[in-house]
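What follows is each chain in one-letter form.
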Amino acid sequence: LISLIRLLKQWYQRRVRGRVRNTMPKSKRDKVVPLTVTKKKSYETKKELVSEIQECCDKYAHVFLIEVHNERNNLIKEIRESWKHSRIFLGRNKVMALSLGRTIETEYKKDIHKLSKGLVNKRGLLFTNEKVDDVKEWFKSHKQFCFARNGSIATETVVLPEGPLDLPHPMEPQLRQLGLPTRLKDGVIVLDHEHTVCTAGKALTTQQAVILKHIGNCMAEFKMEIIAHWSDQVYTVISESGAAMEITGSDSDVKNEEIEDVNEN
């Protein structure tokens, strides 16, 4: 009889626990969100961008082809703030090229299709009414050094000498993981022997880029370079990159381009 009562008690406790467990709300942290469910740019959105760029061709006197070196979002935002009186378009190169026209037959204005040849990689368009010399001088002087990233080419050879490093001691395990021969001595990070962080002319690895950031070495230079210029139906090459673009550019594979071609961009 005592065993039976004990079994009934255990069964009742399990049943009560099950009810409590079933009535508790599910944790939102357990919710799985598929990252592949994203909305693509619609045909109408691309068509609006085409119209907007063509309106800028009519509104502004000068169109510059620009190239961003060592892109940093915060620095690009600063330039946009400084050039509120103008318009800067970056990204979606195929749509921008289609807006200007890729051939003589499809160009929006005379000779403006030559700008579309250079719309590759980190390039974009600047529409402005400022004087050409003022634009060239501003962008030539507006440069800023920043920390290099993985894949950047080292501009100098950086060697850390043997001895103490001027870094907080909690960083020592991380520095060791990055490949530095370090140890703690009396609460100070010490480098056991001389260490070459990077060599000039070679691409940086992720570990090298992190070490350079820790020691405060800003090796990369952010800038916007003026490649070419168009104004009043006249196209002008400004930089060496623009000259190379003239030599390698070809229209043979973009004839009879229609707006439906931007659907895959």
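Our next topic: the sheet that holds strand β8 (residues 188–191). The strands that make up a sheet are held in pairs by hydrogen bonds between backbone atoms, and each pair lies either parallel or antiparallel. Pairing is antiparallel in the open sheet, where 3 strands are placed in the order β6-β8-β7. Looking at the sheet topology across the chains shown, the edges are occupied by β6 (163–164) and β7 (182–185). As judged from the 2 bridges shared by β6 and β8, these two strands associate in the antiparallel manner. Bridge pairing links Gly163 to Leu191 in β8.

Core analysis: the largest hydrophobic core is formed by 34 residues, its most contacted members being Leu126, Phe139 and Leu175. For this core, the secondary-structure elements that each account for two or more residues are β1 (62–69), α3 (73–82), α6 (132–141), β5 (158–160), β8, β9 (195–198), α8 (206–214) and β10 (220–231). Among the elements that take part in this core, β10 stands out by supplying 4 residues, more than any other. Every residue in contact with Leu126, bar those within four places of it in the chain, is listed here: His62, Val63, Phe64, Ile66, Trp83, Ser86, Arg87, Ile88, Val135 and Phe139. Core analysis: the next-biggest nonpolar cluster, separate from the first, contains 22 residues, Ile53, Ala97, Leu100 and Leu125 among them.

On the surface, a cluster of nonpolar side chains totalling about 460 Å² of accessible area is made up of Leu1, Leu4, Ile5 and Leu8. Mapped onto the elements, Leu4 comes out in helix α1 (residues 2–23).

The next subject is the pairing of strand β3 (residues 123–128). Successive side chains on a regular strand alternate, one facing one side of the sheet and the next facing the other. Counting buried positions over the 6 residues of β3 gives 6, a clear majority of the element. With burial as the criterion, each face of β3 is covered, one bearing Arg123, Leu125 and Phe127 and the other bearing Gly124, Leu126 and Thr128. Sheet topology places β1 next to β3; 6 bridges connect them, and they run antiparallel. Residue pairing for β3: Glu67 is matched across the bridge by Arg123. In the sheet, strand β2 (residues 87–90) pairs with β3 via 4 bridges, with the strands oriented antiparallel. Each residue of the ladder has a partner; that of Arg87, found in β3, is Phe127.

So, about the pattern of salt bridges. Inspection of every chain in the model, using the stated rule, returns 7 salt bridges. As a salt-bridge pair, Lys84 and Glu81 come within 3.1 Å of each other at their nearest N and O atoms. Given a relative accessible area of 62%, Lys84 falls into the exposed group. For Glu81, a relative accessible area of 45% puts it in the partly exposed group.

What follows covers unusual backbone geometry. Despite not being glycine, Arg92 shows a phi value in the positive range, around 55 degrees. Although it is not a glycine, Asn121 adopts a positive phi angle of roughly 55 degrees. Examined against the element boundaries, Asn121 turns out to sit in the loop between α5 (113–116) and β3. Residue class for Asn121 comes out exposed when judged on its relative accessible area of 69%.

When we look at burial in α3, the residues that qualify are Leu75, Ile76 and Ile79. Taken end-on, α3 shows its buried residues confined to a sector of 100 degrees, consistent with a single buried face. Counted as exposed and oriented over 90 degrees from the buried face of α3: Asn73, Asn74 and Lys77. Tucked inside the fold, the buried residues of α3 contact β1, β2, α6, β4 (143–146) and β10.

Each value, and the rule that gives it
Residues numbered from 1 in each chain as written. Predicted model: local features only at pLDDT ≥ 70, side-chain atom pairs only at ≥ 80, totals over all residues. Heavy atoms only, no water. Pairing = 2+ DSSP bridges. Helix = DSSP H or I, 4+ residues; strand = E, 2+ residues; numbered from the N terminus. Core = buried A, V, L, I, M, F, W, Y, C linked by side-chain atoms within 4.5 Å. Buried < 20%, exposed > 50% of the residue type's maximum accessible area, 1.4 Å probe, protein only. Contact = heavy atoms within 4.5 Å. Patch = residues over 30% accessible without salt bridge, like charges linked within 9 Å, V, L, I, M, F, W, Y side chains within 5 Å. Areas by Shrake-Rupley, 256 points an atom, 1.4 Å probe, with all protein chains shown as cover. Salt bridge = Lys/Arg side-chain N within 4 Å of Asp/Glu carboxyl O. Arc of directions from axis to C-beta.

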